[in-house]
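Descriptive analysis of the structure
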Amino acid sequence: MVDPLNAWWAQQLVLCDWAFAPDPLTLEPEVATARLESLGVVDRGELGWRLLEALGAGGEADPARLLAALELAALGGAAGWLDTARARGWAQRFAEEIGAHHDTLDRWLSALCRARSAEGWVRGDDGFSEACEALAALEHQGEGVTWDMLREWLAGHRRQTALWPEGAIERVWRLRAAFSPILEVAPAPLDWQGLEEWLAEAWQVQGRDELIRVLLWLGAQGDRQAWDLDASRLLAAAAEERRAWWEALPPRDQPAGRVLCDFVEGGEPLEWAAWDWLRLIDLAWAGACMGWLSETEAQHFAFHGADLILHRYSDWVALARAYQRGRSLFEARDLRPAFDVDWSLLLLSPVSPWRTPLQGLLDDELLETSRQAMRDWRRDPRHWVLALAAVREPELSLRQGLAPALPEARRQDARTYLAETLDLHADEGAEALARYWLPAQAHHLNQLAADAAHGALPPAQTPFGHPTRADVAGRDALGQASRHAATIHMAEKYAFHLQMAMDSELFDAHRLAELATALHDSLCRFYASPRRLLLAWAQWETLLPEPDQPSLVAEIRWHLDDPGSLFHWLDWRGGEWQEPGPRPSLSHFTAMALVGPLNSAAWSLPQPESERECGSIREWVDGHYGLHGAGELADFVDYLLEAGDRQEYQINYAPYTLNPARLTSEIATLESDDCGEEERNHLLRLQRVRDDEDGCNDLDLTAWDLAQAVDLAIAGRQLGWLGEGDFLKSLERAHALAARHYGGWEEYARGLYAGFSFFMGETPEREAFLSGFRQALVSWLSAAPPLAGPWASLDFPGARARHWAPMHVDTLPGDGRQLH
């Protein structure tokens, strides 16, 4: 029995110089492929465009195009580029279109002749008219497949074959039609001629790992982030500022800057993520065609791009317009006027793969499978380090997937940063990174935020003065962060340091991986979701910006709002909690704070330092105290805790307060002679007793000994002269001694300042030292600025608790008021 569609189709191909055959798809594959190439159809992507173009963007189709498309469908089927059902489906669709506009064979053939004459679409020689007459004669004589027979067959088989892949998985590739419509979803080199060269030239991609890194980058950041951030800044700028901005760009970037300014000034929607996400789908298909990705992997990436698209766009028009804006910025020319021409086929053609509504295109279960696959690519805790560090250095986002080999220049840059900025060197080992993990700082900030929210911060007025209004305002504003755990404030800096250590390749890679895991586990403990982490980070960055550095708030909020951001695709399942560095107990942290402004605030337990660092510490210990070894230091710390300088005052100076006449005589005697250094210092102290300078005669000077003892104990621990157990015992002794002598930090500060003032040797810089120490005490007592020191967030040893409990788990252990 004759197949009406095949027979009619074969009859039409006679007009294309084909010999008549009952089945148009029986042409030899090699012949069909050669014929396609001669027609300029070099791959299956171009075939898809030609078939789609045959029906135009609506309205009456061009007869010559339809005849050419019938030939292309036959050639594609015969060459194996289309399966038989798909080739017949296209032939059937073209037959329906012909029948809709030409009710008789004579009208169809007449239209073809006119089209050939006017446009030259149909090939052939002077015999074309005779061929048309011969076909018309067949119908008139009742031979072959007549027009009425074809119409009857079409009526019974209307639209039974899909023109585009229809499966639940296959539908995702309809999005790739923005570049080239996909006819069959078994990717192969025949889909894309010159693909390997294009990948190398356009993307600098030459293999699987590079491709995966680009795919993950397009999903997570792409070109859109820089444009988004620039657009946000331009929106807030005046017209003159916008003009100055793009004029200050490097010459090669000015055209794109001008396009962006035009978008802003013209009220264009400042959204272009489709540029990244559609290219993600395109490259996923490219990877499958190259064999660098399995079909399943390519599908997962394509679904990921589609998932992000469905988050952002309601329909195909919105998607296409966003892509056109992105392409405009990328090509540095405004392509909006070309929108209708560029997108009419996909948006208007009756056979467009985009006829299916965008929303609802994909199955939810398949989307969830792709989400899991994307998280699997980022499951390595190294991606947590990348995510945090890339906020400061966006180029790091290109390192997702398998870590790339780094160029020597990058390794050297990282080593320079570690040495010059952090004073961190290879001989210290990865353990030295613990000094940048500061859990006590997070506790301090959380406590200040809780107190600020409840109006319980210490008074700004102190016995030593008043902080600046700006510092007080910054401190009081911390109440805005009371709901946000502060660990991220120090953890993001730690992550950047850890990334630099990884890039330097100076440290044990396995140990660095363990630190990345610990960072991951800690942040998962303190933040239940990317949203909570990013909100906390943005809030603390707003309140405590890095001095002399641009604020990161805009970058952080971009990651919060963008559904593709790496933060939303990390593994948020924390493991066993083990932090990258030790977490001191609350009492040990309080004891270390007894040092006060005598040294910088200690936000973590000290650890043994490298020989390089130990050299300068030994020099300080020797120069200030004349100590030369572990035994001498331990003995002197014991001495300070048991007697110290306060005993010297009690023995050598306190008696003079009971005998002013003797004090006056002693001063006069010393002033009348030439004094050596020791006698000169004794004279100065007698004069201070006489004047009761800084309350030295009335205040308990134990604080001075406590600060020195703890400071030396920290140095001893860094030198390795004190083991951890002995160091902690020294802290505990200091804590207990402080509790016996003082009732609070203000009283302690008075004693510390009096001791500092009284025992200072002769120096022309005395007033400058005292002024600086007073100002530091103001900051430590008032927490203005907040990170000057931790006194304001800590209950003094033995004192009654006065602070509000923070709302977070990132506090130090040992506080009985905490319920967690």
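These notes cover the structure that comes with them. (Residues numbered from 1 in each chain as written. Predicted model: local features only at pLDDT ≥ 70, side-chain atom pairs only at ≥ 80, totals over all residues. Heavy atoms only, no water.)

Things to note about the overall build of the protein chain
Counted only if it meets this: A run of DSSP states H or I qualifies as a helix once it reaches four residues; a run of E qualifies as a strand once it reaches two. Both are numbered from the N-terminal end. What the globule rule says is 2.2 Å times the number of residues to the power 0.38, and the radius of gyration is computed from C-alpha atoms. Any residue under 20% of the maximum accessible area for its type is buried, any over 50% is exposed, and the rest in between are partly exposed; the area is computed with a 1.4 Å probe on protein chains only. Computed with the Shrake-Rupley method and a 1.4 Å probe, the accessible areas treat only the protein chains shown as cover for residues. Only four residue types enter the tally: Lys and Arg on the positive side, Asp and Glu on the negative side, with His and both chain ends excluded. Working definition for charges: the position is that of NZ of Lys, CZ of Arg, CG of Asp or CD of Glu.
Scanning the protein chain from N- to C-terminus turns up 36 helices and zero strands. Taken against the 2.2 N^0.38 rule, which gives 28 Å for 820 residues, the C-alpha radius of gyration of the protein chain at 39 Å runs more than 25% over that of a compact globule. Considered along the principal axes of its C-alpha atoms, the protein chain spans approximately 145 × 50 × 50 Å. Within the protein chain, the proportion of its 820 residues that are buried is 54%. Within the structure as shown, the protein chain displays about 34900 Å² of accessible surface, and the carbon and sulfur contribution to it stands at 50%. In the protein chain, the 73 positive side-chain charges and the 126 negative ones have mean positions that sit 4 Å from each other.

Some words on helix 16 (residues 316–331)
In an α-helix, one turn spans 3.6 residues; hence positions three or four apart end up facing the same way. Convention followed: By this rule, a helix spans an expected 1.5 Å times one less than how many residues it contains. Working rule for contacts: check all heavy atoms of both residues, and any pair within 4.5 Å makes them a contact. Under this definition, polar contacts are N or O atom pairs within 3.5 Å; protein pairs additionally need one hydrogen-donor-capable and one acceptor-capable atom, and for neighbouring residues in sequence, both atoms have to be side-chain atoms.
Between its first and last C-alpha atoms helix 16 spans 22 Å; for 16 residues at 1.5 Å apiece the expected length is 22 Å, and the two agree. For helix 16, the set of buried residues is Trp316, Leu319, Ala320, Ala322, Tyr323, Gln324, Arg325, Gly326, Ser328 and Leu329. Those residues of helix 16 that are buried lie in contact with helix 11 (224–235), helix 13 (254–265), helix 14 (274–290), helix 15 (295–312) and helix 17 (339–348). The distance from a side-chain oxygen at the start of helix 16 to the backbone nitrogen of Val317 is 3.2 Å, and the residue carrying that oxygen is Asp315. Looking at the residues trailing helix 16, positive phi occurs at Ala332, about 60 degrees.

A few points about the environment of Gly723
Summarising the element assignment, Gly723 is placed in the loop between helix 33 (702–719) and helix 34 (724–741). Taking the C-alpha atoms as reference points, Gly723 and Gln607, 116 residues apart in sequence, are found 9.5 Å from one another.

Some words on the nonpolar core
The cut-off we apply is this: Note on terminology: a nonpolar core comprises buried Ala, Val, Leu, Ile, Met, Phe, Trp, Tyr and Cys residues joined through side-chain atoms within 4.5 Å.
Trp9, Leu51, Trp173 and Leu175 are the most contacted members of the largest nonpolar core, which has 127 residues in total. Broken down by element, this core gets its largest block of residues, twelve residues, from helix 14. By size, the runner-up hydrophobic cluster in this structure holds 124 residues, among which are Ala389, Leu533, Leu731 and Leu737.

As for a negative patch on the surface
Here is the rule: The patches described consist of residues with a relative accessible area above 30% and no salt bridge, like charges being joined within 9 Å and nonpolar side chains (Val, Leu, Ile, Met, Phe, Trp, Tyr) within 5 Å. The salt bridge definition used is simple: a Lys or Arg side-chain nitrogen within 4 Å of an Asp or Glu carboxyl oxygen.
The grouping of Asp673, Asp674, Glu677, Glu678 and Glu679 at the surface amounts to a negative patch. Mapped onto the elements of the fold, Glu677 is located in helix 32 (residues 677–691).

Structural notes on the packing of helix 1 (residues 4–13) against helix 8 (residues 147–156)
To keep things clear, this is the line we draw: For helices, the fitted line uses only the C-alpha atoms of the stretch in contact; every axis is such a line through C-alpha atoms, and the angle between N-to-C directions lies from 0 to 180 degrees. Oblique is the label for every angle not falling under 35 degrees (roughly parallel), over 145 degrees (roughly antiparallel), or within 65 to 115 degrees (roughly perpendicular). Left-handed is the label given to a crossing in which the near helix is rotated counterclockwise from the far helix by less than a right angle, and right-handed is the label when the rotation is clockwise. Ten residues, namely Ala, Val, Leu, Ile, Met, Phe, Trp, Tyr, Cys and Pro, are considered nonpolar, four, namely Asp, Glu, Lys and Arg, are considered charged, and the remaining ones, Gly among them, are considered polar.
With their axes 9 Å apart at the nearest point, helix 1 and helix 8 run at an angle of 135 degrees to one another. Between helix 1 and helix 8, the angle is such that the two are oblique. Crossing hand, helix 1 versus helix 8: left-handed. On helix 8, the residues touching Pro4, Leu5 and Trp8 of helix 1 are Trp147, Leu150 and Trp153. Residues that form the contact of helix 1 with helix 8 fall into these classes: six nonpolar, no polar and no charged.

Quick look at the packing of aromatic side chains
Aromatic rings in a pair are described by how distant their centres are and how their planes are angled relative to each other. The condition is simple: What counts as a ring pair is set by centres within 6.5 Å for rings of Phe, Tyr and Trp (its six-membered ring), and what kind of pair is set by the plane angle: stacked under 30 degrees, edge-to-face over 60, tilted for all other angles.
One pass over the structure, following the stated rule, counts 38 aromatic pairs. Arranged with centres 5.2 Å apart and planes meeting at 85 degrees, the rings of Trp90 and Trp164 form a pair that is edge-to-face. Of this pair, Trp90 sits in helix 5 (residues 84–101) while Trp164 is found in the loop between helix 8 and helix 9 (195–203), placing the two residues 74 residues apart along the sequence. Taken together, Phe179, Trp275, Trp316, Tyr323, Phe330, Phe339, Trp343 and Trp354 form an aromatic cluster joined through their ring pairs.

Digging into the pattern of salt bridges
Pairing of side chains with opposite charge becomes possible as their charged atoms draw close. Within this structure, the stated rule accounts for 59 salt bridges. One salt bridge in this structure joins Arg243 and Glu247, with 3.0 Å as the shortest N-O distance. Here Arg243 pairs with Glu247, and both are found in helix 12 (residues 239–247), just four residues apart, close to one helical turn. Relative accessible area serves as the criterion here: at 46%, Arg243 is assigned to the partly exposed category. Of the residues examined, Glu247 reaches a relative accessible area of 40% and is grouped as partly exposed. Its salt-bridge partner being Asp380, residue Arg382 comes within 3.9 Å of it at the nearest N-O pair.

Some points on the environment of Glu133
Tracing the sequence through the fold places Glu133 in helix 7 (residues 128–140). Judged by its relative accessible area of 55%, Glu133 falls in the exposed class. Measuring from C-alpha to C-alpha, the distance between Glu133 and Gly326 comes to 52 Å, with 193 residues separating the pair along the chain.

A look at unusual backbone geometry
In this structure, the amide linkage connecting Ala784 to the following residue, Pro785, adopts the cis form with an omega of 5 degrees. Along the polypeptide, Pro785 turns up in the segment after helix 36 (766–782). We note that Asp694 has phi near 60 degrees; this positive angle belongs to a residue other than glycine. Secondary-structure assignment places Asp694 in the loop between helix 32 and helix 33. Residue classification places Asp694 among the partly exposed residues on the basis of a relative accessible area of 31%.

Section: the environment of Val41
Position of Val41 among the secondary structure elements: in the loop between helix 2 (29–38) and helix 3 (44–53). Val41 gets classed as buried once you look at its relative accessible area, which sits at 0%. The spacing of Val41 and Leu72 is 31 residues in sequence and 8.8 Å in space, taken between C-alpha atoms. If near-sequence neighbours (up to four positions away) are discounted, Val41 is found in contact with Leu36, Glu46, Leu47, Arg50, Leu72 and Trp81.

Some words on helix 25 (residues 530–543)
Its 14 residues place the ends of helix 25 20 Å apart at the C-alpha level, agreeing with the 20 Å of an ideal helix rising 1.5 Å per residue. When you tally the buried positions in helix 25, you get ten out of 14 residues, the bulk of the element. For helix 25, the full list of buried residues reads Pro530, Leu533, Leu534, Ala536, Trp537, Ala538, Gln539, Trp540, Glu541 and Leu543.

Looking at the side chain of Gln441
Position of Gln441 relative to the elements: it lies in helix 21 (residues 439–453). Residues within four places of Gln441 in sequence aside, it is in contact with His489, Met490, Trp603 and Leu787.

Description of the packing of helix 23 (residues 487–504) against helix 24 (residues 509–526)
Between helix 23 and helix 24, the least distance of the axes is 11 Å, while the angle of their chain directions is 165 degrees. The angle between helix 23 and helix 24 falls in the class roughly antiparallel. Here helix 23 runs over helix 24; the crossing is left-handed. Residues Thr487, Ala491, Tyr494, Ala495, Leu498, Ala501 and Met502 of helix 23 touch helix 24, and the partners they reach there are Leu512, Leu515, Ala516, Leu519, Leu523 and Phe526.

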